[in-house]
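Next come the chains, spelled out residue by residue.
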Amino acid sequence: MAGSSLHTRVLNEIGPSIVRGDLLPGDPLPNADDWSAAHGVSRTVLREVIKVLAGKGMVESRPKIGTRVRPRRDWNFLDPDVLLWRYGGRTTAEDARSLFELRRAIEPTAGALAAERATAAEIQHLRGLLAEMERAGDDGARFAVPDLAFHQAILRMSGNELIGSLAALIETALVISFRLSDDNPQGQSHSLPLHQQVVESMANRDSAGASKALVSLLDGAEEDVKRALAARQR
């Protein structure tokens, strides 16, 4: 456990430093002995951390050249750690826009397919999640739990296994977008009618209606995040 804890601590020190730009693409990572001493860990732990970062596309190691930071275009920005490092500090409106562009590229299409293919039991499951959101009201933390499950369920209800797999892949992106809107001054309950519209469109096998409702829902959620970010800045 101690080794794992050290590994996590060092990973969460070096990873964010790269994301912040303390080390730029092409920059070499400092000498392993210096880094080991600076972070108070063995070279073995440091090597394991570098392997993890390499797996995320953030660094590469080559003989006689050493370990260098790779260009940002090579990073896996959907990796949960990279997402958390990117959005763990000060989040900008541009960062939020990137999240919602990702969601708009996936969720409306999944919703349209779900309207064609979802079973009665799956529709009823969405109704149950909607009821949980209604009970949560404007309690952002409570609202986010069924809201996350609602959006993930739609991806799985698409009947497309590739799209369904995205439910787990983009879970961290969804959680971050919900977290950003937690302190929205207007709360969350105002989005309930659109959630209801999504469910009713699916129940009526209205693919276009489900897709349109999800676009509107995402547009409103992005505006919530912008208001929350502006409130934080004030």
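For the structure itself, look to the data block above.
Because the structure is predicted, anything quoted here is derived from the model rather than measured.

Asker: I'd like to hear about unusual backbone geometry, residue by residue, with values.
Answerer: The backbone phi angle of R205 is positive, close to 60 degrees, even though this residue is not glycine. Checked against the element boundaries, R205 lands in the loop between helix 10 (192-203) and helix 11 (207-233). For R205, a relative accessible area of 42% corresponds to the partly exposed category.

Asker: Give a description of the packing of helix 7 (residues 140-157) against helix 8 (residues 161-169) that names residues and reports values.
Answerer: Interaxial distance between helix 7 and helix 8 falls to 7 Å at its minimum, and their mutual angle equals 155 degrees. Put simply, helix 7 runs roughly antiparallel to helix 8. Between helix 7, through Q152, L155 and R156, and helix 8, the contact on the second element is made entirely by I163, G164, L166, A167 and A168. Partitioning the contact of helix 7 with helix 8 into residue classes produces five nonpolar, two polar and one charged.

Asker: Give a detailed account of the layout of surface pockets, specifying residues and quantitative values.
Answerer: Think of a ball as big as a water molecule: rolled over the atoms, this probe shows where empty space is left. In this structure, the largest pocket spans a volume of roughly 200 Å³. Lining the largest pocket are 19 residues, with S191, L217, G220, A221 and D224 sitting closest to its centre. If you list the elements that add at least two residues to the lining of the largest pocket, you get helix 5 (93-117), helix 7, helix 9 (171-180), helix 10 and helix 11. Looking at the lining of the largest pocket, the element that brings in the most residues is helix 11, giving six residues. Classifying every residue of the lining of the largest pocket by side-chain character gives seven nonpolar, nine polar and three charged.

Asker: Account for the nonpolar core, with residues named and values stated.
Answerer: Core analysis: the biggest nonpolar cluster contains 44 residues, and L126, F150, I154, M157, V198 and M202 have the highest contact counts within it. Taken together, the elements giving at least two residues each to this core come down to helix 4 (80-87), helix 5, helix 6 (120-136), helix 7, helix 8, helix 9, helix 10 and helix 11. Dropping the residues within four chain positions of it, L126 is found in contact with F150, A153, I154, M157, V199 and M202.

Asker: Could you give me a rundown of the pairing of strand 1 (residues 59-62), with the residues and numbers involved?
Answerer: For strand 1 and strand 2 (residues 66-69), the ladder comprises four bridges, and the chain directions are antiparallel. Bridging from a neighbouring strand, S61 pairs with T67 of strand 2. Counted between consecutive antiparallel strands, the loop separating strand 1 from strand 2 contains three residues, among which K64 sits at a positive phi close to 70 degrees.

Asker: Provide a residue-level description of helix 7, including the pertinent values.
Answerer: If you check helix 7, its first and last C-alpha atoms are 25 Å apart, about what 18 residues at 1.5 Å a residue would give, namely 26 Å. Trailing helix 7 by a residue or two, G159 shows a phi angle of about 75 degrees, which is positive.

Asker: Can you break down the side chain of E107 residue by residue, with the values?
Answerer: Inspection of the secondary structure puts E107 in helix 5. Looking at E107, the relative accessible area reads 2%, which means it is buried. Polar contacts involving the side chain of E107 include one to the side chain of R103, which spans 2.6 Å. For E107, the side chain forms a polar contact with the side chain of H151, separated by 2.6 Å. Contact partners of E107, with chain neighbours within four places excluded, come to H151, L155, L174, L214 and L218.

Asker: An account of the pattern of salt bridges is needed here, citing residue identities and associated values.
Answerer: Across all of its chains, the model carries 15 salt bridges by this definition. A salt bridge links R227 to D224; the nearest nitrogen and oxygen atoms lie 2.6 Å apart. Separated by three residues within a single helix, R227 and D224 lie in helix 11, roughly one turn from each other. For R227, a relative accessible area of 31% corresponds to the partly exposed category. Salt bridges here are not isolated pairs; linked through shared partners, they connect K56, D79 and D81.

Asker: Account for the side chain of H195, naming residues and giving values.
Answerer: Tracing the backbone shows H195 in helix 10. Judged by relative accessible area, which is 2%, H195 ranks as buried. Looking at H195, its side chain comes within polar contact range of the main-chain oxygen of S191, at 2.9 Å. Not counting residues up to four positions away in its chain, the partners in contact with H195 are L130, M133, F143, D147, F150, H151 and L217.

Definitions and cut-offs
Residues numbered from 1 in each chain as written. Predicted model: local features only at pLDDT ≥ 70, side-chain atom pairs only at ≥ 80, totals over all residues. Heavy atoms only, no water. Helix = DSSP H or I, 4+ residues; strand = E, 2+ residues; numbered from the N terminus. Buried < 20%, exposed > 50% of the residue type's maximum accessible area, 1.4 Å probe, protein only. Axes fitted to C-alpha atoms, helices over the stretch in contact; angles between N-to-C directions. Parallel < 35°, antiparallel > 145°, perpendicular 65-115°, else oblique. Contact = heavy atoms within 4.5 Å. Nonpolar A, V, L, I, M, F, W, Y, C, P; charged D, E, K, R; others polar. 1 Å grid on protein atoms, 1.4 Å probe; cavity = no way out; pocket = protein on both sides within 12 Å on 5 of 7 lines; lining within 4 Å. Points joined across faces, edges and corners; volume = space filled by probe spheres on them. Core = buried A, V, L, I, M, F, W, Y, C linked by side-chain atoms within 4.5 Å. Pairing = 2+ DSSP bridges. Expected span 1.5 Å × (residues − 1). Polar contact = N/O pair within 3.5 Å; in protein donor to acceptor, adjacent residues only side chain to side chain. Salt bridge = Lys/Arg side-chain N within 4 Å of Asp/Glu carboxyl O.

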